[in-house]
Amino acid sequence: MKIKLKTRDILLYLFLIPFLHPRGFDEYFGWYKNFFTIWMYLAMAIGIFYFVYSVFGLRMRYPKCILAMMLYFGLMAIITLCKMGSFNGGLQKIFAAPVLCMLCAFFAETNGERLIEVLENILFVVFGLNIIVFNPGLFNHYFSARDEQLHLLFIGHVQIAAQLGLLGLYVACLSSNIKGKAMFRSKLLIVFSAFTMLMSFTSASMIVLVILFIGGLYIRLSRTGKLLKHDSRFYVVGYFLLDAILMLYLYTNGWLFQLFGLNINGRGYIWEQVYNKFSESPWVGYGVKGVLVKVFWSIWVGDGQGMNYTHNQIFQVLLDGGIILFLSFGLFLFTFTKCMKKNLEDKTLKFSNVCLIGMLFVMIFESVFEYHYVILLFSLFAFCTGKRIYRKREVQHGNL
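Below you will find a few notes about this structure. (Residues numbered from 1 in each chain as written. Predicted model: local features only at pLDDT ≥ 70, side-chain atom pairs only at ≥ 80, totals over all residues. Heavy atoms only, no water.)

1. Observations concerning the overall build of the protein
Phase 1 of the analysis: Along its length, the protein carries 13 helices and two strands.
Phase 2 of the analysis: The C-alpha radius of gyration computed for the protein amounts to 21 Å, which stays within 12% of the reference 21 Å derived for 400 residues, consistent with globular compactness.
Phase 3 of the analysis: Along the longest, intermediate and shortest principal axes, the C-alpha atoms of the protein span 65 × 50 × 45 Å.
Phase 4 of the analysis: Each of the 400 residues in the protein was classed as buried or not, and the buried ones make up 53%.
Phase 5 of the analysis: For the protein, the proportion of contacts with a sequence separation of at least 24, taken over those separated by at least 6, is 75%.
Phase 6 of the analysis: For the protein, the accessible area works out to roughly 18,900 Å², and carbon and sulfur atoms hold 65% of it.
Phase 7 of the analysis: Between the averaged position of the 36 positive side-chain charges in the protein and that of its 20 negative side-chain charges there is a distance of 11 Å. (Helix = DSSP H or I, 4+ residues; strand = E, 2+ residues; numbered from the N terminus. Rg over C-alpha atoms; globule rule 2.2 N^0.38 Å. Buried < 20%, exposed > 50% of the residue type's maximum accessible area, 1.4 Å probe, protein only. Contact = heavy atoms within 4.5 Å. Areas by Shrake-Rupley, 256 points an atom, 1.4 Å probe, with all protein chains shown as cover. Lys, Arg positive; Asp, Glu negative; His and termini not counted. Charge placed at Lys NZ, Arg CZ, Asp CG, Glu CD.)

2. A look at helix α11 (residues 346-365)
Phase 1 of the analysis: Taking 1.5 Å per residue, 20 residues should reach 28 Å; α11 reaches 30 Å between its end C-alpha atoms and fits that length.
Phase 2 of the analysis: Taking burial as the measure, the 20 residues of α11 include 16 buried ones, the bulk of the element. (Expected span 1.5 Å × (residues − 1).)

3. Observations concerning unusual backbone geometry
Phase 1 of the analysis: With phi around 55°, phenylalanine 201 is a residue other than glycine that occupies positive phi space.
Phase 2 of the analysis: Mapped onto the elements of the fold, phenylalanine 201 is located in the loop between α6 (184-199) and α7 (203-221).
Phase 3 of the analysis: For phenylalanine 201, a relative accessible area of 47% translates into the label partly exposed.
Phase 4 of the analysis: The phi torsion at lysine 289 lies on the positive side, around 65°, for a residue other than glycine.
Phase 5 of the analysis: Structurally, the position occupied by lysine 289 is in the loop between α9 (267-280) and α10 (313-343).

4. Here's the deal with the packing of α10 against α11
Phase 1 of the analysis: The N-to-C vectors of α10 and α11 enclose an angle of 175°; their axes lie 13 Å apart at closest approach. Accordingly, the angle class assigned to the pair α10 and α11 is roughly antiparallel. In contact with Gln313, Phe329, Leu333, Thr337, Met340 and Lys341 of α10, α11 contributes Leu349, Ser352, Asn353, Leu356 and Met363.
Phase 2 of the analysis: Residues that form the contact of α10 with α11 fall into these classes: six nonpolar, four polar and one charged. (Axes fitted to C-alpha atoms, helices over the stretch in contact; angles between N-to-C directions. Parallel < 35°, antiparallel > 145°, perpendicular 65-115°, else oblique. Nonpolar A, V, L, I, M, F, W, Y, C, P; charged D, E, K, R; others polar.)

5. Some thoughts on the layout of surface pockets
Phase 1 of the analysis: Taken as a whole, the second largest pocket holds about 570 Å³ of empty space.
Phase 2 of the analysis: Around the second largest pocket sit 17 residues that line it, and Cys173, Ile190, Gly216, Arg220 and Phe351 are the ones nearest its centre.
Phase 3 of the analysis: For the lining of the second largest pocket, the secondary structure elements donating two or more residues are α5 (161-179), α6, α7 and α11.
Phase 4 of the analysis: In terms of residue count, the dominant contributor to the lining of the second largest pocket is α7 (six residues). (1 Å grid on protein atoms, 1.4 Å probe; cavity = no way out; pocket = protein on both sides within 12 Å on 5 of 7 lines; lining within 4 Å. Points joined across faces, edges and corners; volume = space filled by probe spheres on them.)

6. Structural notes on empty space enclosed by the protein
Phase 1 of the analysis: Tallied over the entire structure, the rule returns one cavity of 30 Å³ or more.
Phase 2 of the analysis: For the largest cavity, the calculated volume is near 30 Å³.
Phase 3 of the analysis: Looking at the largest cavity, the residues that line it are Glu113, Ile116, Glu117, Ser175, Ile178 and Lys179.
Phase 4 of the analysis: Elements represented by at least two residues in the lining of the largest cavity include exactly α4 (91-133) and α5.
Phase 5 of the analysis: Considered class by class, the residues forming the lining of the largest cavity number two nonpolar, one polar and three charged.

7. Focus: a nonpolar patch on the surface
Phase 1 of the analysis: Nonpolar side chains collect at one region of the surface, where Val210, Phe213, Ile214, Leu217 and Leu221 lie side by side and expose about 530 Å² of accessible area between them.
Phase 2 of the analysis: For leucine 217, the location among the structural elements is in helix α7. (Patch = residues over 30% accessible without salt bridge, like charges linked within 9 Å, V, L, I, M, F, W, Y side chains within 5 Å. Salt bridge = Lys/Arg side-chain N within 4 Å of Asp/Glu carboxyl O.)

8. Observations regarding the packing of aromatic side chains
We describe a pair of aromatic rings using the distance from one ring centre to the other and the angle between the two ring planes.
Phase 1 of the analysis: Taken as a whole, this structure holds 55 aromatic pairs when the rule is applied.
Phase 2 of the analysis: Measuring from centroid to centroid gives 6.5 Å for tyrosine 28 and phenylalanine 143, while their planes differ by 75°, and the two rings are edge-to-face. Here the residue tyrosine 28 occupies a position in the loop between α1 (7-20) and α2 (30-56), and phenylalanine 143 occupies one in the loop between α4 and β1 (152-153), the gap between them amounting to 115 residues.
Phase 3 of the analysis: For tyrosine 28, a relative accessible area of 32% translates into the label partly exposed.
Phase 4 of the analysis: The exposure class assigned to phenylalanine 143 is buried, which follows from its relative accessible area of 0%.
Phase 5 of the analysis: For the ring pair tyrosine 72 and phenylalanine 369, a centre distance of 6.4 Å and an interplane angle of 75° mean the geometry is edge-to-face. Within this pair, whereas tyrosine 72 is found in helix α3 (residues 65-84), its partner phenylalanine 369 is found in the loop between α11 and α12 (373-382), the two being separated by 297 residues in sequence. (Phe/Tyr/Trp six-rings, centres within 6.5 Å; stacked < 30°, edge-to-face > 60°.)

9. Regarding the nonpolar core
In summary, soluble globular proteins display a tendency toward joint burial of nonpolar side chains.
Phase 1 of the analysis: Core analysis: the biggest nonpolar cluster contains 126 residues, and Leu167, Trp271 and Phe383 have the highest contact counts within it.
Phase 2 of the analysis: With 23 residues, α4 is the single largest residue contributor to this core.
Phase 3 of the analysis: Among all residues touching tryptophan 271, those that are not within four sequence positions of it are Leu246, Met247, Leu250, Trp255, Ile264, Thr310, His311, Asn312, Phe315, Ile364 and Phe365.
Phase 4 of the analysis: Within the second largest apolar cluster, seven residues are counted, among which are Phe25, Phe143, Leu152 and Phe154. (Core = buried A, V, L, I, M, F, W, Y, C linked by side-chain atoms within 4.5 Å.)

10. What to know about the side chain of arginine 267
Phase 1 of the analysis: Note that arginine 267 resides in helix α9.
Phase 2 of the analysis: The buried category is assigned to arginine 267, whose relative accessible area is 11%.
Phase 3 of the analysis: Residues in contact with arginine 267, not counting those within four places in the same chain, are His311, Phe365 and Glu366.

11. A few points about the environment of arginine 267
Phase 1 of the analysis: Residues arginine 267 and tryptophan 255 lie 12 residues apart in sequence; the distance between their C-alpha atoms is 8.8 Å.
Phase 2 of the analysis: Of the polar contacts made by the side chain of arginine 267, one reaches the backbone oxygen of phenylalanine 365; its length is 2.9 Å. (Polar contact = N/O pair within 3.5 Å; in protein donor to acceptor, adjacent residues only side chain to side chain.)

12. Concerning the packing of α5 against α12
Phase 1 of the analysis: Running from N to C, α5 and α12 point in directions that differ by 30°, and their axes come no closer than 9 Å. The orientation of α5 with respect to α12, classified from their angle, is roughly parallel. Crossing hand, α5 versus α12: left-handed. Residues Gln163, Leu164, Leu166, Leu167, Tyr170 and Val171 of α5 form the contact with α12, whose participating residues are Tyr373, Val374, Leu376, Leu377, Leu380 and Phe381.
Phase 2 of the analysis: Among the residues forming the contact of α5 with α12, the class breakdown is 11 nonpolar, one polar and no charged. (Left-handed = near helix turned anticlockwise from the far one by under 90°.)

What follows is the structure, given as structure tokens:
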């Protein structure tokens, strides 16, 4: 197996590696964290230049969802600056994610097939190191998913395993669809991604794997796959409804979840406090990192000041920017998923919708937009469209 490095790919690696670098050692080595942070900011600066040049110099046209993305992060920046007077600790969250989205749009437009292959190579190395070299068995002083003081893997905190693993699985399957068959590297990335999710011992990872298994089985056994060929915005509507129903149930039951013997690991206590904070500033929230949420166990953890992580994407948006930011967030999701039905061929659309359902489910129990991986997944949904990539490949091979 060979991972080819061509001159034209070097730029892609330089841009993408800092966004996908393993975050586990960030907690231990300041130089390691600072190195990748500086690298990321350099990539962001050059990326903005490339995107602006492509729009005003090359006159490239991008999907309208780019405008919705800019509106969402732009409002987030304005609200944070107005409420806090600075960007505090939210600089990467506010600016790195939209730049990464613009980079994916640019490279997908110029050579989407190469973008997917480079992503596959980077994730293959990251997951491979996470499982084979820097696993909890060999580096148990640094990494452990079950240690209450750590909850850390080589890739980073265990809560990112579901979304990063899902990204790895989607990239591997997208690469296989483009090439017409699953290469050995793609198959191994699927194994690495799934095993990383299992290693995290998180409920979100396990449930996502179950969703992917059921969805994959349905695709294989069903002749038409009708349930997975709907407009992808249909599943987004389902996500908003399911989240609203869950929160209404908790609100009317004292924020306690008692249904079929299931539990949500203390999230009800967190969401109660988040709701109380939201009620005090419903329209514009508090800005990114603008408020801390305290629960009864806060005094036992760290300095006891509380946390800004809500374990629910909608609640996170409401804290960051209130109802105003929430409306732009909905527009963001609807415009990105609108591209899927229009541009993806049936085979890719069905598996993409399975992955979308998996990510939307994670968004009910985690604040996924605190990291960059979800923006990569949605960018692949919107920009690396199957029909466009296949068409370009056929032209290059002289089939059209």
